[in-house]
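# Architecture and fold: a report
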Amino acid sequence: MSKKRELILAFESSCDETSVAVIEDGHRILSNIIATQIKSHQRFGGVVPEVASRHHVEQITFCTQAALEEAGVTYTDLTAVAVTYGPGLVGALLIGVTAAKAIAYAHHLPLIPINHMAGHIYAARFVKPLEYPLLALLVSGGHTELVLMAAAGEFEIIGDTRDDAAGEAYDKIGRVLGVPYPAGKEIDRLAHLGQDTFDFPRAMLKEENLDFSFSGLKSAFINTVHHADQIGETLNRENLAASFQASVVEVLTEKTMRAARQLDVHQLVVAGGVAANQGLREELAEAIKASGLDLDLIVPPLRLCGDNGAMIGAAAHIELKKETFANLTLNAVPGLDFPYRA
Amino acid sequence: MKLLAMDTSNQAVSVALLDDQQILGEMTVNIRQTHSQTLLPMVDQLLKQTQTAIETIDRFVVAEGPGSYTGLRIAVTTAKSFAWTLNKPLVGISSLALLAANIVDTTALIVPLFDARRANVFTGVYQWQSGSLQTVVADQHVSIETLLARLQLLAEPVYFVGNDVAHFKEELQAALGSNAHFVGANHNLPHASVLGKLGLLAEPVADIHRFGPVYLRKTEAEVNWAKTHDERGTESYVEQV
Amino acid sequence: MLEFKTINPEQTIAIAKQLGQQVQAGDVLLLDGDLGAGKTTFTKGLAAGLGIERYVKSPTFTLIREYQDGRLPLYHMDVYRLEETGASDLGLEEYFDGNGVSVVEWSQFIAEELPSDYLTIHFNKDVRDDQVRTLVLEPHGAHYEALVRASFAD
């Protein structure tokens, strides 16, 4: 008799994507349905929480059905149900949590609570098996963290932003440049057309720690544009974008490489929405090459960099082995964090 | 027919299990709490106490709104997920009707209301006609001032129902005088058994996937956006990628 | 009305810290100023005054960040993304009525949701020097007048 397949039905609804996936053995995607609300929120220039929650309710069972059908599995085949319970927007998280709880309860399946950021890291598992200890750079609209994983399912923040997240800085200077939300992709494109001529500050590079700061860069950018406005001068948008991105990418790369040198790691996972940034991928790849370190850069494919259920299923595979199960009182935890290194 | 009914539209959570007209069990908790943490444990306890397997439920009934948006979505998402995943019918009942149905033995007008803040209420007008609860004025989001003006025109006795009635008691009394009637604490609280009875008779929803709360209000973001944009002809705002 | 001129972020933090040592449960502070005017810097100082040791990070992404490790909980809200859309759907009153201190950035976008009494802090950047700020503390209601007096007695 062959071993029963391990199949996890995974839910993700932390922000503006409703996603449900079926994952086999933590690394095979049988289905990964993603319903994005981006067109809806573009109307408002950013995610409006109540609108997001309303869309999630309309999508949740529909996406679940599509995920099961595409995977060709039924409830009796499933091993467990997994769900993102934080961090994220509380009203949005609650829809995934509530639906996952009801479905797990109805079919007597264990429920695995997953930290959304762990999911982002485990998106890399679809590229290749992960080897520990491992270093991860998590960069998104809400996070900029260096995470050390000593073993599977163990996370420790060793570097963090002290103010704005990198993705957030992109969106904020995007407003100044008149780039519509979400601004990251367009600024990345503009940056590739321009030169780093403004020499914006590189925050905290001189400090020993592994922390980041993007608030000063944001202020310097805004001041530069406002001063030019006051004297009626128009600055080159491509060069502004290139200079901004050069600062962000340099700081991210420098601190990440510093961490990699301090730790005995052979894999670097870059994850989160900003992992899609071409400038960041290029610079990291070059820095690793120049360093001579035996460090394997793993960046998940674009579709798995954004929010999706598959990554939650991959992270749940580890928690299933550890038997990390939630009970019926599971709630959304919008401010959920990994522990900090003592 | 076994029926599981649940309501989380406002502060209280109420769940009930019925076998046709017979109430097998009911549980109501009325404290300030997170419905996400209380609803499913209450359902579980009710089913265990009544020795009922969830698979044997024939129909799920939920208070569909109006109410507090986040709270409302907990019972709606739970009931919707149960009905869909167990392949059973789902019935949505107005959260206001469920309160109105607390008042029996009268043919006077019944006005349930929820405080919607900034001097607005969610309300409707109900009446028992030949043994069934009828909607006289559809549920709506309206200013308390407008509601009072309309009720004054009717010049009929009115029963106000709901825990939030207390917020407006003086205004209601001043406007309607002796036509304003108030009810006791037990009648101001939602009871899922009452919801279940309404749900026995109602038509199940045609498409469970599309079922969602009846908010009775667009979000402010959408209202403001619509003022300056033409929404006709736009494709869906949510798409699978 | 009380006015301070600060010439660097450290001075802004020091002023906020003094206030942080006096604030009480249920207090609501509104921070009013442009992008990069020092609102988050001020909040860091306030958190320090409350004895909070964690980094105070921008709350923009999740709109609200909560800090529970101080003398009182700190609720830091940024409603910038709600420009022109309002916030009646956010449940903010639960924070304002709660047992912590609420700090709201970009509160002009949720004017209708605010309690009647609060302390507004205006941040004005100096047009000649990017480092220089004028902070204006404007209390609304007797409670906040007393808070400002207690914080800056001399």
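A brief structural summary. No experiment lies behind these values; they were computed from the predicted model shown. (Residues numbered from 1 in each chain as written. Chains lettered and ligands numbered in written order. Predicted model: local features only at pLDDT ≥ 70, side-chain atom pairs only at ≥ 80, totals over all residues.)

## Some points on the interface of chain A and chain C
Accessible area lost when the parts come together is the quantity often used to give the size of an interface. Just so we agree on the cut-off: By definition, residue pairs are in contact when their C-beta atoms, positioned from the backbone, come within 7 Å. Counting from the N terminus, the helices are DSSP H or I runs at least four residues long and the strands are E runs at least two residues long.
Counting residues at the interface gives 26 residues for chain A, matched by 17 residues for chain C. At the level of secondary structure, the elements contributing two or more residues to the side of chain A that touches chain C comprise α2 (49-71), α5 (166-177) and α7 (215-230) of chain A. Here the side of chain A that touches chain C gets five residues from one element, more than from any other, and that element is α7 of chain A.

## Let's talk about the interface of chain B and chain A
Here is the rule: Note that Gly is not counted as nonpolar here; it falls among the polar residues with everything else outside the nonpolar set of Ala, Val, Leu, Ile, Met, Phe, Trp, Tyr, Cys and Pro and the charged set of Asp, Glu, Lys and Arg. Strand pairing follows a simple DSSP-based rule, namely that at least 2 bridges must link the two strands.
Facing 34 residues of chain B, the contacting portion of chain A comprises 37 residues. Those elements that provide at least two residues to the side of chain B that touches chain A are α1 (35-49), α2 (69-85), α8 (220-228) and β11 (239-240) of chain B. With 12 residues, α2 of chain B is the single largest residue contributor to the side of chain B that touches chain A. Across the side of chain B that touches chain A, the residue classes break down as 16 nonpolar, 12 polar and six charged. Where strand β3 (residues 28-36) of chain A lies against β11 of chain B, two bridges are found, and the strand directions are antiparallel. Paired with T36 of chain A across the bridge in β11 of chain B is E239 of chain B.

## So, the sheet that holds strand β4 (residues 59-65) of chain B
Residues and elements named next belong to chain B. Note the threshold: Fitted lines through C-alpha atoms serve as axes, helices being fitted only where they are in contact, and the angles separating the N-to-C directions of these axes extend from 0 to 180 degrees.
With respect to topology, five strands assemble into an open sheet ordered β3-β2-β1-β4-β5, the strand pairing being mixed. Among the strands making up the open sheet, the edge pair consists of β3 (22-29) and β5 (90-94). Strand-to-strand twist in this sheet, taken as the mean axis angle between neighbours without regard to direction, amounts to 20°. With four bridges connecting them, strand β1 (residues 2-7) and β4 associate as parallel partners. Bridge assignment links A5 to a residue of β4, and that residue is V61. Across the face of the sheet, α1 comes into contact with β1, β2 (13-19) and β3 while running at roughly 25° to β2. Here α2 sits on the sheet and contacts β1, β4 and β5; the angle it forms with β4, its principal contact strand, is near 155°.

## Focus: the sheet that holds strand β1 (residues 2-6) of chain C
All names here are of chain C. Spatial strand order, β1-β7-β6-β2-β5-β4-β3: seven strands in an open sheet with mixed pairing. The open sheet has two free edges, formed respectively by β1 and β3 (64-67), since each of these has just one partner strand. The average angle at which neighbouring strand axes cross in this sheet is 20°, direction not considered. Strand direction decides the pairing type here: β1 and strand β7 (residues 133-140), joined by five bridges, are antiparallel. Within β7, the position partnered with E3 by the bridge is V136. Where helix α1 (residues 9-20) meets the sheet, it contacts β1 and β7, and its direction lies at approximately 150° from that of β1. Sitting on the sheet, helix α2 (residues 39-49) touches β2 (28-32), β3, β4 (74-78), β5 (101-105) and β6 (118-125), and the angle it makes with β5 is about 170°.

By themselves, these observations are geometric and do not establish any function.
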